[in-house]
Structures are given as C-alpha cells and as structure tokens.
Amino acid sequence: MAASEDPSFAPILLTLPSLTPSLALEVLPAGLTLHRLFVQADGRTHDILIGPEDPTGHITQKYTNTIIGRYANRLPVGSFAIERNGLHSVVSPKPNEAPTVSLHGGPKGFDAYPWEPLPDPTSAELFTPAEIATIQTRLPTSIIFRRVSEDGEEGYPGRLLVEALVGLAQPEGAPNPTADGKKEWNLGSVLLVYRAKLLEENKVTPINLTQHWGFNLDASLQDGPDTLSIKDHTISIKADHTLELNSEALSTGKLLPVTGTHHAHAEKASGRIGEQFPERGYDEFYLFSERAAPPPPSKLPASELKPELDLVGAALSRDGPAGEEVVSLTGGKSGLRISFATNRWNPSTLLLEPGVQFYSNNLSVPEKGARKKIHGGSGAVGDGYPPGTAAFLEFHAPLSGWIHPQTRGPLGDDTLLASGEVYNNFVRLDVWYREGTASEAN
C-alpha cells in the first residue's frame, strides 16, 4: 500500500467546541504523530509545531512530533541484566544512530508503527472508570490510542500493552496580569497521558516514553528569517543540573550544575535562547529541581488502579500538585507562550530527578526535509527547516536510569517496569496569549 493510501496517515482532527476554536490538533495514527497544533489568537492562525506539509513526510522526517518508545533518547548498545521487584530479564538495545548507540527505541521504534485509535474510550484497559468519566466531561475532544509491543521487539523483553490518551481541554480561569500591566489569556490545553503494562508474568522491561515534539511560536507570522529562528524565544526550565554526556551523547552518570553556564537560562540578561547560544546548539537533558508537593506517580502497582482512581483529573488540575509549571517557552513576536506540567519527578528523592531534553533542531538538513506552508515553506522536499528553528521539549526520565543510579537518587526512577505494575506518565501543555504583542511587533 502506498503511504498516501495508508489510513494511518489520515489526520484525526480534535478541536475545542467553538465556532472559532482557540485550539485544534491533527493526530496521525502513524507513529502517534501530532501533525499540526493550530492556535487562534488576535485574529491570526498559528501552527506551533514544525514538520512536513504532507503527513507522509513524517516517514523520512523522523522523530518530528511522534511518540518515542520503548525508550526515549540514547542507550548504549549491548546486553544488560536488569532486575526489579525480584524479577529478572535481559535487555539488548539495538544500534541505529551509531554502532554503539541505540536512539529512541532502536531501528524500528514506537514511532514506526501505526497505533490503533479506540472509538470507545471505555474499551481502554489501563484507564479507570473514574478517569473515563473525567475524559468524557473535561476532555470531550480526545482519543485513546493503543498498541502492543511484542516480546523481544528491538531487544526489549516482555509483551507490553501501551495506551496513550491525547486530548484538548477548554481554557480555564481569568486572565493573568503581566509585569507590564497587560493580560495573558489561557487558550486551552493539550494533555498526553501514557500508560503501559506487561502482559506476561515474571518480566521486567525498561520503559521511558515521551513525545518528540518541536515548537516554533513565531514561524506562522512569516515575518522574515527571525521568525523562523527560535533564538528570539525565551525559555524557562526549573532545573539546577544537566546530565553529563560523553562524545556519543550517552549518559556518563554525572550531574553538572547549570549555574554560570549557558544552561542557566534564568541568568541571561535578555532571557533569549539566542544569548550564549552554543556553537552546536542545544541538545541537553535538564533534571528538574525538587518540587514543593509530589505530583501523581509515574509507576504504581496494578492493584492500585482501582475504579475510583482518577490520575487524569489530577493531571488536569492547575491548583494541585501537578499544576506547577516546570518549563515555559515564549515567542519573540507572536505573543504566544506555552507552559508544561508533568509528573516526571519523584518525591522520595532528595536529589534531582526526571526532566526534559531540550533540543534546538541542530541536525536538521533543510535540503532533505519539507517545511509547512504556514511557516513560509513550499511544502516540497528540499525546502525544509534550517538548524535552530525549533525547540524540541521531550519530557522523560534520565537516560539509562538503571545503569546510572546516581542520576536518579537513592529511591528514584530506575526506568524499569515489572510485571504487576502500571506505567503512568503525563504531560500537560497550556497555551497562553499575551494581549497586544503580535500587533506591537508589526
């Protein structure tokens, strides 16, 4: 079947219920890809995700807004004995980026498979009745996707059921006052919830799921080369350390303070990403600082997934433990800002824990890709995005957590899942608009 005829590349449109919805999201079952995220603000339409014009372009423009699994980021190639809860397995990550490096799950990761959309959310196995009720009332525009990753897929042990919720939530709350006396309006939210469970007894598998989505909040303005770059964007990451990487971008197991480096974004005089921009761009893992209150768990015994449990509701709450912004990205001209909340943190740890990979699209080769027309591209291959044109923000646990326990603290996330447990990871993206900014920029 030609890719253009493959139904997994037919976009599923999610929109907030309105004649002029502030948010609309196109989702492809192929690779669980977020193809477009439309934002309506100040009479303008923005698509804040980079990527190809044609959905089938994701076949060659890999890792552009797709899910990543079974294991995000880089692992060393080899065979590793793993143990959790007294259970033992062996994992053998396969090379793809280099002979010694397995990237984003291996040669055929989760991004390379079609995902099954569930027309009826009650058919999901890893979401409770209370959560389904929340989804139907607070996320009426949503869908749950499913796939089974077979035992031995890309060297990972255990037959794994994965379900992923993708949904849009309505704007909430009054506008926030800004420092200059203006207002910032919430335009709604995107919620991603990843669940997984081993379908066999006596198994252990590494798991580290994320969305490899890349943002540019100014590109839709099409106002010259500056709006295609993210160097005028400002970023805030609540992190005190980055993970030390070797020459192959594999974890060494050491933590590096951000203070006094270009990773201390809060210390920059202008606050812009372009200030102290490294020669090779950004491609670092930031470990979040300790939070005041614990967010929902990232793993729990399957016996605790009781009918009344509602972790989806907790993820949607801005007033609860899951409400704290850990990352914020602001456009230089559009007036748009996106903020992120996640449960990738462990309250048992006194050190730093799961965080975010910030990648500035350094390796993009415009001659080999395509750029959306709304971003000033032709949509044809050969007219792609140059380096430095997106902020990829990938929320997951530290690389090789079971290999380097010092990066996860004494009781932290080893990134292993045992039989009888359920994996639970969420990311909530909130979209904001600061009044007057876009018109002032013009």
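Residues numbered from 1 in each chain as written. Predicted model: local features only at pLDDT ≥ 70, side-chain atom pairs only at ≥ 80, totals over all residues. Heavy atoms only, no water.

Asker: Help me understand the overall build of the chain in this model?
Answerer: For the chain, the count of helices and strands is 3 helices and 28 strands. In summary, the chain has a C-alpha radius of gyration of 21 Å against a globular reference of 22 Å for 442 residues, a match within 12%. The long-range share in the chain, meaning contacts at least 24 apart out of those at least 6 apart in sequence, stands at 72%. For the chain, the accessible area works out to roughly 16700 Å², and carbon and sulfur atoms hold 53% of it. (Helix = DSSP H or I, 4+ residues; strand = E, 2+ residues; numbered from the N terminus. Rg over C-alpha atoms; globule rule 2.2 N^0.38 Å. Contact = heavy atoms within 4.5 Å. Areas by Shrake-Rupley, 256 points an atom, 1.4 Å probe, with all protein chains shown as cover.)

Asker: Looking at this structure, how should I read the pattern of salt bridges?
Answerer: Oppositely charged side chains are able to pair whenever their charged atoms sit close together. With the rule as written, the count across this model stands at 26 salt bridges. Between Glu 125 and Arg 146 there is a salt bridge; the shortest N-O distance is 3.9 Å. With Glu 125 in the loop between strand S10 (116-118) and helix H1 (129-138) and Arg 146 in strand S11 (residues 141-149), this pair connects stretches of sequence that are 21 residues apart. One salt-bridge network, held together by shared partners, links Glu 26, Arg 36, Asp 47, Glu 53 and Lys 372. (Salt bridge = Lys/Arg side-chain N within 4 Å of Asp/Glu carboxyl O.)

Asker: So what exactly am I meant to see when it comes to H1 here?
Answerer: Structural remark: α-helix, 3.6 residues per turn; residues separated by three or four positions point the same way. Here H1 has its buried residues at Glu 131, Ile 132, Thr 134 and Ile 135. For H1, the angular spread of the buried residues around the axis is 160 degrees, confining them to a single face. Away from its buried face by more than 90 degrees, H1 exposes Pro 129 and Thr 137. (Buried < 20%, exposed > 50% of the residue type's maximum accessible area, 1.4 Å probe, protein only. Arc of directions from axis to C-beta.)

Asker: How should I be thinking about the sheet that holds strand S2 (residues 23-28) in this particular structure?
Answerer: The strands making up a sheet are joined through hydrogen bonds of the backbone, oriented either antiparallel or parallel. The antiparallel open sheet is built from 4 strands, whose spatial order is S1-S2-S3-S4. The two strands at the open ends of the sheet, each matched to only one other strand, are strand S1 (12-15) and strand S4 (44-47). Mean inter-strand twist for the sheet, computed between neighbouring axes without regard to direction, equals 20 degrees. Summarising the sheet, strand S3 (residues 33-41) and S4 pair through 4 bridges and their orientation is antiparallel. Pairing of Val 39 across the sheet is with His 46, part of S4. (Pairing = 2+ DSSP bridges. Axes fitted to C-alpha atoms, helices over the stretch in contact; angles between N-to-C directions.)

Asker: Even after reading the chapter, I still don't get the nonpolar core, so can you show me in this structure?
Answerer: A general tendency of soluble globular proteins is for nonpolar side chains to be buried together. Judged by nonpolar contacts, the single largest core of 58 residues is most densely connected at Trp 213, Phe 215 and Phe 340. When residues of this core are assigned to their parent elements, the largest contribution, 6 residues, is made by strand S14 (residues 183-198). Apart from residues lying up to four places away in sequence, Phe 215 is in contact with Ile 48, Leu 49, Ile 230, Leu 329, Ile 338, Phe 340, Thr 389, Ala 390, Ala 391, Leu 393 and Leu 429. Membership of the second largest hydrophobic core comes to 15 residues, among which are Leu 118, Ala 124, Ile 144 and Val 193. (Core = buried A, V, L, I, M, F, W, Y, C linked by side-chain atoms within 4.5 Å.)

Asker: Sorry, what's going on with unusual backbone geometry here?
Answerer: Leave glycine aside and you will find that most residues have negative phi; peptide bonds, for their part, are mostly trans. In this structure, the amide linkage connecting Gly 69 to the following residue, Arg 70, adopts the cis form with an omega of -5 degrees. In this fold, Arg 70 is placed in the loop between strand S5 (66-68) and strand S6 (74-76). One non-glycine residue, Tyr 63, adopts positive backbone phi at about 60 degrees. Of note, Tyr 63 is situated in the loop between S4 and S5. Of note in this structure, Gln 276 is not a glycine but carries a positive phi near 60 degrees. Looking at where Gln 276 falls in the secondary structure, it is placed in the loop between strand S20 (251-257) and strand S21 (283-288).

Asker: Got a minute to help me understand the confidence of the model for the chain in this structure?
Answerer: Any residue range with low pLDDT should be treated as having predicted coordinates unsuitable for detailed reading. When pLDDT is averaged across the chain, the result is 92; 93% of the residues are at 70 or more. This model gives residues 345-352 a pLDDT under 50, and the stretch forms 30 contacts once residues within four places in sequence are excluded. (pLDDT = per-residue confidence, 0-100.)

Asker: Whenever I open this one, the side chain of Ser 229 confuses me. Can you help?
Answerer: Inspection of the secondary structure puts Ser 229 in the loop between strand S17 (214-215) and strand S18 (234-237). Separated by 3.0 Å, the side chain of Ser 229 and the backbone nitrogen of Lys 231 make a polar contact. Contact partners of Ser 229, with chain neighbours within four places excluded, come to Asn 216, Gly 388 and Thr 389. (Polar contact = N/O pair within 3.5 Å; in protein donor to acceptor, adjacent residues only side chain to side chain.)

Asker: I'm lost on the packing of aromatic side chains in this one. Help?
Answerer: We describe a pair of aromatic rings using the distance from one ring centre to the other and the angle between the two ring planes. Going through the model one piece at a time under the given rule, you end up with 11 aromatic pairs. Relative to Trp 402, the ring of Tyr 71 lies with its centre 5.6 Å away and its plane at 85 degrees, an arrangement referred to as edge-to-face. You can see Tyr 71 sitting in the loop between S5 and S6 and its partner Trp 402 sitting in the loop between strand S26 (391-396) and strand S27 (416-418), a full 331 residues away along the chain. An angle of 80 degrees between the planes, with centres 6.2 Å apart, marks the rings of Phe 80 and Trp 402 as edge-to-face. With Phe 80 in strand S7 (residues 80-84) and Trp 402 in the loop between S26 and S27, this pair connects stretches of sequence that are 322 residues apart. Clustering of aromatic rings is evident, with ring pairs tying together Trp 213, Phe 215, Phe 288, Phe 340 and Phe 395. It is Lys 231 that lies over the ring of Phe 277; its NZ or CZ is 4.6 Å from the centre. (Phe/Tyr/Trp six-rings, centres within 6.5 Å; stacked < 30°, edge-to-face > 60°. Lys NZ or Arg CZ within 6 Å of the ring centre and 35° of its normal.)

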